[in-house]
Amino acid sequence: MNNIAYYNGTYAPLEELTIPALDRAVYFGDGVYEAAYFRNGRPFALDDHLKRFKNSLGFVKIAYPTESEEELEKILRGLCDKIGGEGIVYWQTSRATAPRNHAFPENAKSNLLAWAKHKPLGDFTAPIKLMTMDDIRYKMCNVKTLNLMPNIMASQAAKESGCDEAVFVRDGLVTEGSHSNIHIIKDKKIITHENGSLILPGTVRSHLLRVAEKLGIAYEERPFAPEEMYTADEVLVTSATTFFRHACELNGRAVGMRDNETYMQLVGEYMQWMERETE
Ligand code: PDD
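Computed from a prediction, not measured in an experiment: that's the story for all the values here.

(A) Structural context of a nonpolar patch on the surface. A cluster of nonpolar side chains, namely Met-149, Ile-152 and Met-153, defines an oily patch on the protein surface of about 340 Å² accessible area. Met-153 gets classed as exposed once you look at its relative accessible area, which sits at 54%.

(B) Summary view of the packing of helix 2 (residues 46-59) against helix 3 (residues 69-83). At a minimum axis distance of 12 Å, the contact between helix 2 and helix 3 shows a crossing angle of 130°. In terms of orientation, helix 2 lies oblique with respect to helix 3. In this structure, helix 2 meets helix 3 at a crossing whose hand is right-handed. Within the contact between the two elements, helix 2 uses Leu-46, Leu-50, Phe-53 and Lys-54 and helix 3 uses Glu-69, Leu-72, Glu-73, Leu-76 and Arg-77. Among the residues forming the contact of helix 2 with helix 3, the class breakdown is five nonpolar, no polar and four charged.

(C) Structural context of the site of the ligand. Looking at the ligand, there are 18 residues lining it, with Tyr-33, Arg-52, Glu-176, Thr-203 and Ala-240 nearest. At a separation of 3.4 Å, a nitrogen atom of the ligand approaches a polar backbone atom of Ser-180. Between Thr-203 and the ligand, the recorded distance is 2.7 Å, taken from a side-chain N or O atom to an oxygen atom. Contributions of two or more residues to the shell around the ligand are made by strand 9 (173-177), helix 5 (203-215) and strand 13 (234-239). Of the residues in the shell around the ligand, the class split is four nonpolar, 11 polar and three charged.

(D) Highlighting the pairing of strand 10 (residues 181-186). Within strand 10, five of the six residues are buried, which leaves it mostly tucked inside the rest of the structure. Here strand 10 pairs with strand 13 via five bridges, running antiparallel. Counterpart to Ile-184 in the pairing with strand 13 is Val-235. Here strand 10 runs beside strand 11 (residues 189-192); their pairing, made up of four bridges, is antiparallel. In the sheet register, Ile-184 faces strand 11, and the bridge partner there is Ile-191. Hairpin remark: strand 10 followed by strand 11, antiparallel, with two residues in the connecting loop; positive phi at Asp-187, about 50°.

(E) View of the nonpolar core. If you look at the biggest cluster of nonpolar residues, it comprises 36 residues, and the most contacted ones within it are Phe-243, Phe-244 and Tyr-270. A total of seven residues in this core trace back to one element, the largest contributor, which is helix 7 (residues 260-277). Excluding residues that lie within four positions of it along the chain, Phe-243 makes contacts with Tyr-37, Phe-44, Leu-121, Phe-124, Val-204, Val-237, Thr-238, Tyr-270, Met-271 and Met-274. Residues Val-32, Val-60, Trp-91 and Val-143 belong to the second largest nonpolar core, which totals 23 residues.

(F) Quick look at unusual backbone geometry. In this structure, Asn-40 is a non-glycine residue whose phi angle is positive, near 55°. With respect to the secondary-structure elements, Asn-40 resides in the loop between strand 3 (31-39) and strand 4 (42-43). For Asn-40, a relative accessible area of 44% corresponds to the partly exposed category. Even without being a glycine, Met-257 presents a positive backbone phi close to 65°. Note on placement: Met-257 falls in the loop between strand 15 (253-254) and helix 7. By relative accessible area, Met-257 is classed as partly exposed at 35%.

(G) Quick peek at the pattern of salt bridges. Under the criterion given, the structure shown has 15 salt bridges. Between Lys-214 and Glu-269 there is a salt bridge whose closest N-O contact spans 2.7 Å. Placement of Lys-214 in helix 5 and of Glu-269 in helix 7 is noted, with a sequence separation of 55 residues between them. Note on Glu-269: relative accessible area 15%, which makes it buried. One network of salt bridges, in which partners are shared, links Lys-189, Glu-220, Arg-222 and Glu-228.

(H) View of empty space enclosed by the protein. Counted under the stated rule, the structure contains one cavity of 30 Å³ or more. Looking at the largest cavity, its volume works out to about 40 Å³. Looking at the lining of the largest cavity, the element that brings in the most residues is helix 5, giving three residues. Of the residues contributing to the lining of the largest cavity, the split by class is seven nonpolar, three polar and no charged.

(I) Just the pairing of strand 3, in detail. For strand 3, the buried fraction is high: nine of the nine residues fall into the buried class. Side chains Gly-31, Tyr-33, Ala-35, Tyr-37 and Arg-39 of strand 3 all project onto a buried face; the interleaved residues Val-32, Glu-34, Ala-36 and Phe-38 project onto the opposite face, where all are buried too. Inspection of the sheet shows strand 3 paired to strand 5 (residues 87-94) by eight bridges, in the antiparallel sense. The residue bridging Ala-35 from the neighbouring strand is Tyr-90, located in strand 5. Alignment of strand 3 against strand 4, held across two bridges, turns out to be antiparallel. If you follow Arg-39 over to strand 4, its bridge partner there is Arg-42. Linkage of strand 3 to strand 4, two consecutive antiparallel strands, is achieved through a turn of two residues, within which Asn-40 is found at a positive phi near 55°.

The rules behind these values
- Residues numbered from 1 in each chain as written.
- Predicted model: local features only at pLDDT ≥ 70, side-chain atom pairs only at ≥ 80, totals over all residues.
- Heavy atoms only, no water.
- Patch = residues over 30% accessible without salt bridge, like charges linked within 9 Å, V, L, I, M, F, W, Y side chains within 5 Å.
- Areas by Shrake-Rupley, 256 points an atom, 1.4 Å probe, with all protein chains shown as cover.
- Salt bridge = Lys/Arg side-chain N within 4 Å of Asp/Glu carboxyl O.
- Buried < 20%, exposed > 50% of the residue type's maximum accessible area, 1.4 Å probe, protein only.
- Axes fitted to C-alpha atoms, helices over the stretch in contact; angles between N-to-C directions.
- Helix = DSSP H or I, 4+ residues; strand = E, 2+ residues; numbered from the N terminus.
- Parallel < 35°, antiparallel > 145°, perpendicular 65-115°, else oblique.
- Left-handed = near helix turned anticlockwise from the far one by under 90°.
- Contact = heavy atoms within 4.5 Å.
- Nonpolar A, V, L, I, M, F, W, Y, C, P; charged D, E, K, R; others polar.
- Near = heavy atom within 4 Å.
- Polar contact = N/O pair within 3.5 Å; in protein donor to acceptor, adjacent residues only side chain to side chain.
- Pairing = 2+ DSSP bridges.
- Core = buried A, V, L, I, M, F, W, Y, C linked by side-chain atoms within 4.5 Å.
- 1 Å grid on protein atoms, 1.4 Å probe; cavity = no way out; pocket = protein on both sides within 12 Å on 5 of 7 lines; lining within 4 Å.
- Points joined across faces, edges and corners; volume = space filled by probe spheres on them.

Structure, rendered in structure tokens:
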């Protein structure tokens with residue numbers, strides 16, 4: 001079995017699962033989501049994802065999709081366990097199934113769509129190419145909503161330019177990637193945008209800082225300009241589906257790749273921790 005999906009109590013292969021046309025996710029993207037990595041059929045950092053999920057739901061006033069938090073956790077762990085090995089578990093909750101109307105329906109009962117599929121982690125040592133894009137998004141970037149149009153457009157533009165990820169720039173400062181957080185290392189210090197309404201509080205971002213603390217590597221939470229990326233020793237891209245990448249190019253110009261020691265120290269410590277957690 002390569003994947004398994006779930007919708008409001010029904011299980012099916014992902015390709016065969018259908019959802020009602022009146023699920024508000026379909027016509028409004030009115031929902032929030034999470035994506036986490038699993039190994040040996042065991043999700044990694046699930047608590048952090050569930051915490052962010054609950055925050056996202058609260059922010060947009062969507063009801064929790066299961067009777068209890070334990071029930072959701074059980075469903076997600078069950079999906080990972082059924083697939084086994086390593087991969088991604090994804091879940092989303094939309095507000096309700098109801099006729100199209102912008103305001104919330106009365107007595108809304110939220111929906112849960114979830115799936116797990118095999119997906120190996122890529123190669124952390126393989127450098128990637130980045131390009132900057134105007135960050136045209138709103139000030140709710142801390143909420144992991146299904147509304148991802150600017151992210152999709154940026155990701156596609158990067159792909160068409162032969163790049164692996166787009167770096168959003170707002171008022172001259174880097175916020176985050178189209179589906180990742182962006183950090184730099186300069187003189188053995190990590191610099192990363194502070195959490196707030198302009199970025200998603202990445203799980204790997206917070207883990208990176210935890211690992212840095214453990215290793216005695218300093219960090220500073222502040223925005224940086226794209227120009228700082230050119231003079232940085234390393235440019236890091238993090239997300240729960242790939243964990244770490246470092247960049248070799250930004251807008252066609254060489255960046256980073258000058259402090260592989262610190263990069264690999266962080267990655268090595270992170271992977272040891274992840275492997276212990278998913279033993
Ligand atoms: N995206 N910022 C954005 C806009 C993201 O979409 C993501 C992750 C991150 C990194 O967050 P985390 O470290 O918790 O994955 C930052 C997921 C992987 C996705 O949309 O598929």
